[in-house]
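What follows is each chain in one-letter form.
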Amino acid sequence: MKDPQEALAAARAAAAGTREEEATPWSLEDGTVSTRRLAEWAMIQPETARVYSTRRLGRPITAVKRLLVRMLRQYIGQMSAQQSRFNAQVAAHVMRLEQRVAELEEAARDRDQPPA
Amino acid sequence: MRVDQILCAAGPVDGVTGQALAYRRLLRGWGWQGEDYAPVQAAGMPGGAVRPLHQLRPARAEVLVVHYSGYAPGLAGLVAAARRSLLVSHNVTPAHYFWASDPAEAVRCQLGRAQLGELASLAGALAAVSEFNAADLRSLAGREVSVIPVLFDRRGLPDSRPHRTSSPTVLFVGRLTPHKRQDLVIRAFARWRTREPDARLVLVGTPLSPDFAATLAGLAAELAPGAVAFESGLSAGQLWERYRAADAFLCLSEHEGFCIPLLEAFHFGLPVIARDTGAVGEVIGEAGVLVDGDDGVGTVAELLGIVVSDGELRAELRVRAERRLAQFAHDAVGVRLREQLAMMAAS
């Protein structure tokens, strides 16, 4: 065949009704982060394995960077703890607000319901 | 005439950096002066190609061109101080694609979107690299936005003579990020591979994060074990070899402000199957096969089989791709850019 539209029509006809055609979500869901995920992220744990060089022949640079991280571990530990404490407080605050909103919504529903 | 350019960030394999440097070659060819500046530069940028942003004196140039692709602090003051400024939007990816996988990137995108609106109100003239981006910028700025397409300079590329391997190979080139939907590419490829067990998929691109790369690698290992290669940090020569070794280019991105790899695939004579979202449809025109929101991975898998095996269709798509590339050629885009800049300088 010579026409791309013809190719598309042939492909659609061949795929019609197959499991794969119907099962895969084509668009991504809304990317809102759940509070549980937020809480997981709150406690940060920097990994030395993720310190590396993207340059060609970067192995010695990676080694130097990891050595620096090791030498600065006391400072990095303090900084991580400080950041985690803040993150955890924010996550907990969001959870409390979420709970409060749920309680208020429930109360509003009860109030709006006509008496039996 | 002096035209200075600002990039939000510069990198050796960054498409926007490539565009700014291509503009610079054009400007120099016309005998115009100027320098290019960026607040941050990735490793591997050739020394002196782009200068640190703090060295820019915005009032020095007749026109300051801002290539906008993401948040960079301090741009508003520079645009406000310029004698004339042209804001070129290369698109900012919507933040919602990143909240779940990389919140810091999501915050940068959110800030970038707000900054784009602010700069649009300050800049003398507005432009975008696609009609899709132009429409977006028009809705933010409420005024005219011209389209200056991506300048695709084929002179630096090797010829398109294929160097095919014995295994049919599908290629996609783009950063590994949620909106590029490499997960769908893997699913469609895996479906097709049930009939082509020797088939290979090559995904070229730097991952958003190690976690995201691991998620995609896990999906590939589950659906097409041993058949999917993830590659990043390739030199230009190595990238061109991947195009030459491929049999089809598959792009199922959910959001694209332009997608230069589509033009690269055209150059190397690859049949392109792509999803009609963002600017993809206007870039491809009739030179590829466009699937839409009602199609699924089953249709894409069937299409892979057709475009890889049908010689007549491949030949037709190559002819159409050559015609399409002419619209992004040096001369065609150069004329539009020169008109825009000359008009601004004269005002």
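Described below are features of the structure shown in this document. (Residues numbered from 1 in each chain as written. Chains lettered and ligands numbered in written order. Predicted model: local features only at pLDDT ≥ 70, side-chain atom pairs only at ≥ 80, totals over all residues.)

## Quick look at the packing of helix 3 (residues 103-122) of chain B against helix 4 (residues 131-141) of chain B
Residue and element names in this part refer to chain B.
So, point 1. In the contact formed by helix 3 and helix 4, the axes pass within 9 Å of each other and the chain directions differ by 75 degrees. One finds that helix 3 runs roughly perpendicular with respect to helix 4. Facing Leu-116, Gly-117, Ala-120 and Ser-121 of helix 3, the residues of helix 4 in contact are Leu-137, Leu-140 and Ala-141.
So, point 2. Looking at the contact of helix 3 with helix 4 residue by residue, the class counts come to 5 nonpolar, 2 polar and no charged. (Axes fitted to C-alpha atoms, helices over the stretch in contact; angles between N-to-C directions. Helix = DSSP H or I, 4+ residues; strand = E, 2+ residues; numbered from the N terminus. Parallel < 35°, antiparallel > 145°, perpendicular 65-115°, else oblique. Contact = placed C-beta atoms within 7 Å. Nonpolar A, V, L, I, M, F, W, Y, C, P; charged D, E, K, R; others polar.)

## Considering unusual backbone geometry
Residues and elements named next belong to chain B.
So, point 1. Positioned with a positive phi, Asn-91 is a non-glycine residue whose angle comes to about 90 degrees.
So, point 2. A positive phi is found at Arg-181, a non-glycine position, where the angle reads about 55 degrees.
So, point 3. Within the secondary structure, Arg-181 is located in the loop between strand 8 (169-173) and helix 5 (182-193).
So, point 4. Classification of Arg-181 by C-beta neighbours within 10 Å gives buried; the count is 24. (Buried ≥ 20, exposed ≤ 12 C-beta atoms within 10 Å, placed from the backbone.)

## Examining the interface of chain B and chain A
So, point 1. Taken together, the 33 residues of chain B in the interface contact 25 residues of chain A.
So, point 2. By residue number, the principal contributor to the side of chain B that touches chain A is helix 10 (residues 297-309) of chain B, which donates 8 residues.
So, point 3. Classifying every residue of the side of chain B that touches chain A by side-chain character gives 17 nonpolar, 7 polar and 9 charged.

## Section: the pairing of strand 1 (residues 3-7) of chain B
Residue and element names in this part refer to chain B.
So, point 1. Taking burial as the measure, the 5 residues of strand 1 include 5 buried ones, the bulk of the element.
So, point 2. Every second residue of strand 1 is oriented toward a common face, with Val-3, Gln-5 and Leu-7 on one face and Asp-4 and Ile-6 on the other, all of them buried.
So, point 3. Pairing geometry for strand 1 and strand 4 (residues 63-68), over 5 bridges, is parallel. For Asp-4, the partnering residue across the bridge sits in strand 4 and is Leu-64. (Pairing = 2+ DSSP bridges.)

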